[in-house]
Amino acid sequence: MDQKDHPWEKIYQTVNRISPMPKEVWKKSEQLYTIRKLEYGDFLIKQGTQPTEFAFVFSGVLREYYLTDQGNEYIKSFNFPGDFTGSYFDLLTEQPSTCNIRAITDCELAVAKFSEFRKLFSQDIVWERLGRIFAENLFLKKARREYELLALSAEERYDLLLKSRPEIEELVPQYHIASYLGITPVSLSRIRAKKKKD
């Protein structure tokens, strides 16, 4: 296998974009990952259980969502190839997961124990910096998501989603997209019909 096509190389390139890291330092983390395949509907993390792992997505799409006691589902984000996923808040607090992470399609992931990964933070300052920047990026993502839900119309949220993920309608069912936007599937159908007329 060509080095640039090696699965761990894809993770390294993503990490390096988040926070530059020498290859020899990165090599220490490769042994932490194992390949895992999920089929449609499989869970990576279940709400209410203690999460211990995070994952890098090689292929497929997952959704992160909350499920209320009444059975209502609220999608907080989607995970596409090249994304990291895991209930980071719950991993840090060592509390039962507040959300589900579940495969929308068949997926291939690289999975690692968070506790083992966290040990690297004390070994080199570049790992500590990566952890800090990763946490900052998650905070910014959360703040942006809150702004969109509170300040933008459903149509504006839909436009932003298509701009950031033009392929999403080919990969994700409409009812999941509607849930992410905070609207009903009927409302989403109306928005899509209106855009086709414009």
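Quick summary incoming for the structure in this document.

Cut-offs and rules
- Residues numbered from 1 in each chain as written.
- Predicted model: local features only at pLDDT ≥ 70, side-chain atom pairs only at ≥ 80, totals over all residues.
- Heavy atoms only, no water.
- Helix = DSSP H or I, 4+ residues; strand = E, 2+ residues; numbered from the N terminus.
- Buried < 20%, exposed > 50% of the residue type's maximum accessible area, 1.4 Å probe, protein only.
- Lys, Arg positive; Asp, Glu negative; His and termini not counted.
- Salt bridge = Lys/Arg side-chain N within 4 Å of Asp/Glu carboxyl O.
- Contact = heavy atoms within 4.5 Å.
- Disulfide = S-S within 2.5 Å.
- Phe/Tyr/Trp six-rings, centres within 6.5 Å; stacked < 30°, edge-to-face > 60°.
- Lys NZ or Arg CZ within 6 Å of the ring centre and 35° of its normal.

1. With respect to the side chain of Arg-157
Reasoning step 1: Relative to the helices and strands, Arg-157 resides in helix 6 (residues 154-164).
Reasoning step 2: Notably, Arg-157 is buried but unbridged: the nearest opposite-charge side chain belongs to Glu-148, and the N-O separation is 6.4 Å.
Reasoning step 3: When residues no more than four places from it in sequence are discounted, the contact partners of Arg-157 are Glu-148, Leu-149, Leu-152, Leu-181, Gly-182 and Ile-183.

2. Some points on the state of the cysteines
Reasoning step 1: Applying the stated criterion to the full structure yields zero disulfides.
Reasoning step 2: Here Cys-99 stays unpaired: no disulfide links it, and the sulfur of Cys-107, its closest cysteine neighbor, is 15 Å away.
Reasoning step 3: With a relative accessible area of 1%, Cys-99 lands in the buried category.

3. Section: the packing of aromatic side chains
Reasoning step 1: Inspection of every chain in the model, using the stated rule, returns 17 aromatic pairs.
Reasoning step 2: Their ring planes at 35° and their centres at 6.1 Å tell us that Trp-26 and Tyr-33 sit as a pair that is tilted.
Reasoning step 3: According to the relative accessible area criterion, Trp-26 is buried, its value standing at 0%.
Reasoning step 4: Exposure remark for Tyr-33: the relative accessible area of 5% places this residue in the buried category.
Reasoning step 5: On the basis of an interplanar angle of 65° and a centroid distance of 5.0 Å, the ring pair of Phe-54 and Phe-117 is categorised as edge-to-face. Remark: Phe-117 occurs in helix 4 (residues 114-119) and Phe-54 occurs in strand 3 (residues 53-59); sequence separation between them is 63 residues.
Reasoning step 6: On the basis of relative accessible area, Phe-117 is assigned to the buried category, the value being 10%.
Reasoning step 7: Geometry around Phe-43 places Lys-46 over its ring, the cationic atom sitting 4.9 Å from the centre.
Reasoning step 8: Positioned over the ring face of Tyr-180 is Arg-145, at 3.9 Å from the centre of the ring.

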